[in-house]
Amino acid sequence: MTPLMHAAYKGKADMCRLLLQHGADVNCNQHEYGYTALMFAGLSGKTDITSMMLDAGAEIDLVNSVGRTAAQMAAFVGQHDCVTVINNFFSRARLEYYTRPQGVDTEPMLPPRLAGPLHKIIMTTNLNPVKIVLLVKEEPALVDPWALQKCSRVMELLCEQCVQQQDMNEVLAMKMHYLGCVLNKCLSFLQNREDKLDSLLRSLLRGRDSDGFPQYQEKFIRDCIRKFPYCETNLLQELVRSIAPVEIGNDPTAFAVLSQALTGQMAFVEGDYCVTCGEKGADKRCSLCKAVVYCSLACQKLHWFTHKKMCGSMQDQDAKAQDTPKLIKQSKADQFIYMITNISHYNNPIIKCDFW
Ligand SMILES: [Zn+2]
Ligand SMILES: [Zn+2]
């Protein structure tokens, strides 16, 4: 066992960093049972150390003496957060392949200057479409129809690659497909709408009159999932089965189901997610209704055009809730957890993708 393996297993992040800085081999598997430092990081349940190993170039496909990868070992001991980190990791080098002309092409598929901004989007674990559009908006190089066209084509190829590789990664394939769909949506708004990405953000956030539910966003995410080109994959079958019976506006939302499947995060259960962009750890409450929470003032401003229609009635609800025992307030979240944890039906017969 190398010092790096030992430090990873014991969860000593500082020691791991120091050893890596001094040239420790992250892929060394000279261990009795062929374990690597990434496997030990996954077993320890430390997501920061798992990310550190991946950033340092740890191979995710290496197997131990009984043929198990790091993700499989972490899953076996119930370290699901580490599994998410490993399964969502996508090396910059793999993306940079597309920045070099291939075969008879004279131009690369992806202009090198777009690799950084696109990689940032690929690595996001917050899949809220508003967040992804905001990430695009932050990168001037991406706010350009030509650049978005290139990027969404690369996402399509990456999706295909994830399905066709030897150890098929359905989760990453779905993520690539979904991100590609959001980029395509950005492209169509850039080309066809006067106020461009701002009007896409407003469409995604606008709540319907009856209850403020953002139905455009819900339909958009359902549509993205439905367009996943590999109908026979278990993941798609499971997503369709979970979402199709749910009436638009009810829980679980397509976003919650997709997010749970791709990142393992229980979206919106703990109530500290920004209602605009889905960022975790939001702590700025609407001062009037106290019913919605934002990660920043910018997100609150972005949401106000639609929230102002509901804010008044939410204030009334808040007043009533003051008198309601906590147990009852909790019940909706419990119901949601129940629904989301009962969505595994891998053995059910294949159902058609055009279910809704
Ligand atoms: Zn936010
Ligand atoms: Zn409010």
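- The name an unreviewed UniProt entry assigns to the protein is MYND-type domain-containing protein, from the organism Periophthalmus magnuspinnatus.
- What UniProt states about the protein under its Subcellular location (unreviewed entry) heading is, verbatim, "Cell projection, Cilium".

1. Side note on the coordination of the zinc ion (ligand 1)
- Surrounding the zinc ion (ligand 1) are the protein donor atoms C274 (SG), C277 (SG), C295 (SG) and C299 (SG), at 2.3 Å.
- Geometry at the zinc ion (ligand 1) is tetrahedral, judged from its four donor atoms and the angles of 106 to 116° they form at the metal.
- Given the relative accessible area of 25%, C295 is considered partly exposed.
- Judged by relative accessible area, which is 5%, C299 ranks as buried.

2. Quick notes on the UniProt feature "domain: MYND-type" (unreviewed entry) in the protein
- The sites that carry the UniProt feature "domain: MYND-type" (unreviewed entry) are, in the present numbering, residues 274-311.
- Counting secondary structure, residues 274-311 comes out at 39% helix and 11% strand; the distance between its end C-alpha atoms is 16 Å.

3. Thoughts on helix α10 (residues 145-164)
- The end-to-end C-alpha separation of α10 is 29 Å, in line with the 28 Å expected for 20 residues at 1.5 Å each.
- When we look at burial in α10, the residues that qualify are A147, L148, C151, S152, V154, M155, L157, L158, C159, C162 and V163.
- Looking at the packing, one finds that the buried side of α10 touches α7 (92-96), α8 (112-122), α9 (129-138) and α11 (170-192).

4. What to know about the UniProt feature "repeat: ANK" (unreviewed entry) in the protein
- Here the UniProt feature "repeat: ANK" (unreviewed entry) sits at residues 1-31 and 33-65.
- Strand forms 0% of residues 1-31 and helix 52%; the C-alpha atoms that close the span are 5 Å apart.
- When the span residues 33-65 is considered, its composition is 52% helix and 0% strand, and the gap between its end C-alpha atoms is 5 Å.

About the cut-offs
- Residues numbered from 1 in each chain as written.
- Chains lettered and ligands numbered in written order.
- Predicted model: local features only at pLDDT ≥ 70, side-chain atom pairs only at ≥ 80, totals over all residues.
- Heavy atoms only, no water.
- UniProt positions renumbered as here; feature names shortened; annotations may be inferred.
- Donors = N, O, S within 2.8 Å, 3.2 Å for Na, K, Ca; no water.
- Tetrahedral: all angles 85-135°; square planar, octahedral: opposite > 155°, others 65-115°.
- Buried < 20%, exposed > 50% of the residue type's maximum accessible area, 1.4 Å probe, protein only.
- Helix = DSSP H or I, 4+ residues; strand = E, 2+ residues; numbered from the N terminus.
- Expected span 1.5 Å × (residues − 1).
- Contact = heavy atoms within 4.5 Å.

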